Amino acid sequence: RAKKAGPGTVCFFEASDDRASRDRKALQSDLEGAIARGELFLVYQPFLNLGENRITGFEALLRWQHPQRGLVPPSEFIPIAEETGLIHEIGEWVIRRACATLADWPDDIRVAVNFSAAQFHNTGILQTIVQALADANLAPHRLEVEITESMLLSKYGSAVSILNALLQLGVTVALDDFGTGFSSLTYLRKLPFSRIKIDQSFIRDMLVQPDCTAIVKSVISLARDLRIGVVAEGVETADQLEYLRQIQCDEVQGYLIGRPMAADQVPALLHSKKHRATYAA
Ligand code: C2E
Ligand code: MG
Ligand code: MG
Ligand code: MG
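Residues numbered from 1 in each chain as written. Chains lettered and ligands numbered in written order. Predicted model: local features only at pLDDT ≥ 70, side-chain atom pairs only at ≥ 80, totals over all residues. Heavy atoms only, no water.

J.: Could you give an account of the coordination of the magnesium ion (ligand 2), with specific residues and numbers?
T.: Around the magnesium ion (ligand 2), the protein supplies Glu-59 (OE), Asn-114 (OD1), Glu-146 (OE) and Asp-176 (OD) as donor atoms, at distances of 2.0 to 2.2 Å. Counting the intervening residues between successive donors of the magnesium ion (ligand 2) yields the motif E-x54-N-x31-E-x29-D. The metal-metal distance between the magnesium ion (ligand 2) and the magnesium ion (ligand 3) comes to 4.0 Å, with Asp-176 coordinating both. Here Glu-146 lies in strand β5 (residues 143-148) and Asn-114 lies in strand β4 (residues 110-114), a separation of 32 residues in the sequence. The exposure class assigned to Asn-114 is partly exposed, which follows from its relative accessible area of 28%. (Donors = N, O, S within 2.8 Å, 3.2 Å for Na, K, Ca; no water. Helix = DSSP H or I, 4+ residues; strand = E, 2+ residues; numbered from the N terminus. Buried < 20%, exposed > 50% of the residue type's maximum accessible area, 1.4 Å probe, protein only.)

This is how it looks when you write it as C-alpha cells:
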C-alpha cells in the first residue's frame, strides 16, 4: 500500500500501520492473561421454539471485559485467539464454563457453543468435550456444537471425523450462519447436522427483498424435507416473527426474543410466562 501511495503519504501509512500492529500486539498480550485474571465471561441468548411456544435453549456467547478498553467484542479478539493458538485454551474454558452453567438449568434446556475451525484441527477437543460433559454430569444431547461452513473448508477430513464422533455420542451439531459460505448443500449431504441456523442477513432482508423471502422459505422447506431443525437468527421485529411462524420455522433467536444475558438472569426468564403471552400465536 505504501508503494502505491505518492511521495509524502508513505510516512503517514507506515505510521498508521505501525500503530495498528502495535495495538494488535498489545491486545494479544492482554488476551494471554485474560482467563487467569477472570476477564472472560459468557452471556446466553435464548432460542424460542415456535411449535412448543417455549424457550428450548441458549447460545453461549463469549465476552471479554478488558480492564482499560471495556467490553471487547468477539469479532475483535476471536481472530487474535485463532492466530496465536490461544483459541484452544479459551475454547476449553468456554466449553467447561457452559457445561457447568447448564448443569443448574432444567433438563429440557440445551446450550449451544460456538467453535472455531482451529479447534477442530486437534482431536484433543473430543476428550475436552467428553470430560466437560462428564464433570457437569450432563447428557450429551443437551450440548450443541455450532460450526460454520468455512470450518469444513479447512482441514475438512479431521473436522468431519471429530463431528461424527460427537454425533455418535449424542451431542447435536448446528450449521451456523447458513447461506453465507460456500457449497452449503454438499455439506448437508456429508454430515447429519441436527440443525441449520439461517444467517441474520437473510432474516433482516426477508420482508423487504422478494429474493430473500424465497431463500428463507426454501431453506425452511429444505430443512423440513431433510428432517433437520431450522433456526432463524437475528429476529428483531414482530413482523419477522409472525412471518417465520407462518412459514413454520422451528425456532427463532434475536433481540426481539431476548438479548444475550448473564447466566443468573436465565432462571427468571424460564420461570416467567411472559414470553408465552407475548409471542402466543
Ligand atoms: P454467531 O455465532 O453467529 O452469533 C450471533 C451473533 O449475533 C452474536 O454476536 C449475537 O449477539 C448477535 N445477535 C443476536 N441476535 C441479534 C439480533 O437480533 N440482531 C443483531 N444485529 N445481532 C444479533 P456476538 O456475541 O458479537 O458474536 C459474534 C460472533 O463471534 C458469533 O457469531 C460467533 O461466530 C463468535 N463467537 C462468539 N462466542 C464465541 C466463542 O465462545 N467461541 C468462538 N469460537 N466464537 C465465538
Ligand atoms: Mg453461533
Ligand atoms: Mg450465526
Ligand atoms: Mg454470525
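Read on for the rest.
J.: Any chance you could break down the pattern of salt bridges for me, citing the residues and the numbers?
T.: Opposite charge on two side chains allows them to pair when their charged atoms are near. As enumerated under the stated definition, the model contains 15 salt bridges in all. Of the charged contacts, one joins Arg-195 and Glu-251 as a salt bridge, the two residues approaching to 3.9 Å between their closest N and O atoms. Of the two residues, Arg-195 is situated in strand β7 (residues 195-198) and Glu-251 in strand β9 (residues 251-252); the sequence distance between them amounts to 56 residues. In this pair, the class of Arg-195 matches that of Glu-251, namely buried. Among the charged side chains, a network of salt bridges with common partners joins Arg-110, Glu-144, Arg-195 and Glu-251. (Salt bridge = Lys/Arg side-chain N within 4 Å of Asp/Glu carboxyl O.)

J.: Break down helix α10 (residues 238-246) for me, with residues and values.
T.: Where α10 is concerned, the buried positions are Gln-240, Leu-241, Tyr-243, Leu-244 and Arg-245. Looking one or two residues past α10, Gln-248 carries a phi angle of roughly 60°, positive in sign.

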